[in-house]
Amino acid sequence: MAKEIKTIGVLTSGGDAPGMNAAIRAVVRKALVNGKQVKGILKGYSGLLNEEIIDLSANDVSNTIERGGTILFTARCKEFMTEEGQKRGAEVCQKHGIDGIVVIGGDGSFRGAQKLAALGVNTIGVPGTIDLDISCTEYTIGFDTAVNTAMEAIDKVRDTSTSHERCSIIEVMGRNAGYIALWCGIANGAEDILLPENYDYDEQKIINNIIENRKRGKKHHIIVNAEGVGHSTSMARRIEAATGIETRATILGHMQRGGSPTCKDRVYASMMGAMAADLLCDGKTNRVVGYQHGRFQDFDINEALAMVKGIDPYQYQVAKDLSKHC
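Here is a short report on the structure shown in this document. (Residues numbered from 1 in each chain as written. Predicted model: local features only at pLDDT ≥ 70, side-chain atom pairs only at ≥ 80, totals over all residues. Heavy atoms only, no water.)

**Overview of the pattern of salt bridges**
This is how it is decided: A pair is scored as a salt bridge if a Lys or Arg side-chain nitrogen falls within 4 Å of a carboxyl oxygen belonging to Asp or Glu. Note on classification: 1.4 Å probe, protein chains only; a residue is buried when its accessible area is under 20% of the maximum for its type, exposed when over 50%, partly exposed between these limits. Each helix corresponds to a stretch of at least 4 residues labelled H or I by DSSP, and each strand to a stretch of at least 2 residues labelled E; elements are numbered beginning at the N terminus.
Overall, the coordinates contain 19 salt bridges when judged by the stated rule. Linking Asp200 and Lys205 is a salt bridge whose minimum nitrogen-to-oxygen distance equals 2.6 Å. By relative accessible area, Asp200 is classed as partly exposed at 44%. Classification of Lys205 as partly exposed rests on a relative accessible area of 47%. Taking the shortest distance from any N to any O, the salt bridge between Arg287 and Asp298 comes out at 2.8 Å. Residue Arg287 is found in strand β10 (residues 287-292), and its partner Asp298 is found in strand β11 (residues 295-300); the two are separated by eleven residues along the sequence. Accessibility expressed as a relative area gives 24% for Asp298, which makes it partly exposed. Here the salt bridges share partners, and the residues they tie into one network are Asp107, Asp131, Asp133 and Arg175.

**A word on the packing of aromatic side chains**
Here is the rule we go by: Classification of ring pairs uses Phe, Tyr and Trp, with its six-membered ring standing for Trp, and accepts pairs whose centres are within 6.5 Å; under 30 degrees between planes counts as stacked, over 60 as edge-to-face, and the remaining range as tilted. Geometrically, a lysine NZ or arginine CZ counts as sitting over a ring once it is within 6 Å of the ring centre and also within 35 degrees of the ring normal.
Throughout the structure, instances matching the rule amount to seven aromatic pairs. Judged by centre distance (4.8 Å) and plane angle (65 degrees), the ring pair of Tyr139 and Tyr268 falls under edge-to-face. Here Tyr139, found in the loop between β5 (122-127) and α5 (143-163), pairs with Tyr268, found in helix α9 (residues 263-281); they are 129 residues apart in sequence, far enough to count as distant. Each member of the pair Tyr139 and Tyr268 is classed as buried. Each residue in the set Tyr139, Tyr268, Tyr291 and Phe296 is aromatic and connected to the rest through ring pairs, giving one cluster. Lys309 extends its terminal NZ or CZ atom over the ring of Tyr179, reaching a point 5.1 Å from the ring centre.

**Thoughts on the side chain of Ser168**
Heads up, the condition is: N or O atoms within 3.5 Å of each other form a polar contact, as long as, within protein, one can give a hydrogen and the other can take it, and as long as residues adjacent in sequence are counted only when both atoms are side-chain atoms. Here, residues are in contact when the closest pair of their heavy atoms is within 4.5 Å.
Of note, Ser168 is situated in strand β6 (residues 167-172). Separated by 3.1 Å, the side chains of Ser168 and Ser161 make a polar contact. Excluding residues within four positions of it along the chain, Ser168 makes contact with Val157, Ser161, His221, Ile222, Ile223 and Arg248.

**Notes on helix α7 (residues 203-215)**
The following threshold applies: The span expected for a helix works out to 1.5 Å for each residue beyond the first. It is the directions from the helix axis to the C-beta atoms that the arc portrays.
Helix length check: α7, at 13 residues, gives a terminal C-alpha distance of 19 Å against a target of 18 Å (1.5 Å per residue), a fit within 8%. Of the positions making up α7, those classed as buried are Glu203, Ile206, Ile207, Ile210 and Asn213. The arc that holds every buried residue of α7, seen down its axis, measures 130 degrees, which confines them to one face. As for α7, its buried residues are in contact with β6, β7 (192-194), β8 (221-226) and α8 (232-243). Structurally, the start of α7 carries an N-cap: the backbone nitrogen of Gln204 is 3.2 Å from a side-chain oxygen of Asp202. Directly after α7, the chain includes Gly217, whose backbone phi takes a positive value near 100 degrees.

**Side note on the pairing of strand β1 (residues 7-12)**
Convention followed: Strands were regarded as paired on the criterion that DSSP finds at least two bridges between them. By convention, a crossover is right-handed whenever its connection, traced from the first strand over the helix to the second and viewed with the strands pointing away, goes clockwise.
Of all six residues in β1, six are buried; the element is thus mostly enclosed. By the alternation rule, side chains of β1 split into Thr7, Gly9 and Leu11 and Ile8, Val10 and Thr12, which are all buried. Summarising the sheet, β1 and strand β2 (residues 37-41) pair through four bridges and their orientation is parallel. By the bridge assignment for β2, Val10 is matched with Gly40. A crossover links β1 with its parallel partner β2, the connecting element being helix α1 (residues 20-33), and its sense is right-handed. Looking at chain direction, β1 and strand β4 (residues 100-105) are connected through five bridges and run parallel. For Thr12, the partnering residue across the bridge sits in β4 and is Ile104.

**Points about the packing of α7 against α8**
Inclusion rule: In this description, a line fitted to the C-alpha atoms serves as the axis of each element, helices being fitted only across the stretch in contact, and the angle between N-to-C directions of two axes falls anywhere from 0 to 180 degrees. Should an angle lie under 35 degrees it is considered roughly parallel, over 145 roughly antiparallel, and from 65 to 115 roughly perpendicular; all remaining angles are considered oblique. In this scheme the handedness of a crossing depends on how the near helix is turned from the far one: anticlockwise by less than a right angle means left-handed, clockwise means right-handed. For this classification, the nonpolar set comprises Ala, Val, Leu, Ile, Met, Phe, Trp, Tyr, Cys and Pro, the charged set comprises Asp, Glu, Lys and Arg, and every other residue, Gly included, is treated as polar.
Taken N-terminus to C-terminus, the directions of α7 and α8 make an angle of 50 degrees; their axes are 10 Å apart at the nearest point. In terms of axis orientation, α7 runs oblique to α8. As α7 packs across α8, the resulting crossing turns out to be right-handed. Of the residues in α8, those touching α7 at Glu203, Ile206, Ile207, Ile210 and Ile211 are Met235, Arg238, Ile239, Ala242 and Thr243. Classifying every residue of the contact of α7 with α8 by side-chain character gives seven nonpolar, one polar and two charged.

**Considerations on helix α4 (residues 107-118)**
The terminal C-alpha atoms of α4 lie 17 Å apart, and with twelve residues this matches the ideal 16 Å at 1.5 Å per residue to within 8%. Inspection of α4 places Ser109, Phe110, Gly112, Ala113, Leu116 and Ala117 among the buried residues, and these make up the whole buried set. Down the axis of α4, the smallest arc covering the buried residues is 155 degrees, so these residues share one side. The inward-facing, buried residues of α4 abut α2 (44-49), α3 (83-95), β4, β5, β10 and α10 (301-306). The positive-phi residue at the C-terminal boundary of α4 is Gly120, with phi of around 95 degrees.

Have a look at this one:
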């Protein structure tokens, strides 16, 4: 018989993402509705090892759903990657009476959750990452806000790029995944989209495309470049040298992590946080909450981490076809 959960901990780990506060709020309030106590663990696994743990009430998460970032703060923790650190984390949970933890973060955070579950701490993962690179889910908290932030920024770069008849390379975040770049490439009508999953590093093709478009009367050229490809500044220098067209690189950077979350990020994060709390209350452990085929569901962490996610080939083909000037 599963041990009854009395106290639930919640932490955010890795990179922050808009909507994390909505998820924290949902965990807290759903757990309280189910008669559980809730403790917030500050600064991710680092805070767990340092016992930076606070009690959370319904009032503590009031007026947070609209805020970007994470009220629990976040950090990366190399110590928790070690067996010694993981055992220490489980001991801290036991010391503070934490029977289960909701971990909001990316795949690295889930590996930590997996280790805690193996050490007897009921653990549920919630996918919080702007990169959309968690294989078991079609949605991750923060992606919608981040991609809208990047889209609006690229629109602004396009305006000045057109005024000066420039080529612009705009580098977006995403770590080793190209989802933000792909979505922005389609949404912003980019002439070229460079994704780590598909890019062949043939710059001559890009140069030829720029020259051909200029001959057709195109006054600007937008290249959306994924972080996983990178090197936008040096690429801009090479393209300008080869084409004679002024080329500028704009790296959007961490602005994509900030800002008030969109409606979708608030609602989906709330649903995922609530489901995570319910799963713990039901005695479940070693699970990840995800969104697949129009509904929220949970997966075994081991299976989730073993899944492979790639760029939809049809979506990528459409992006290329819509960028052509026939």
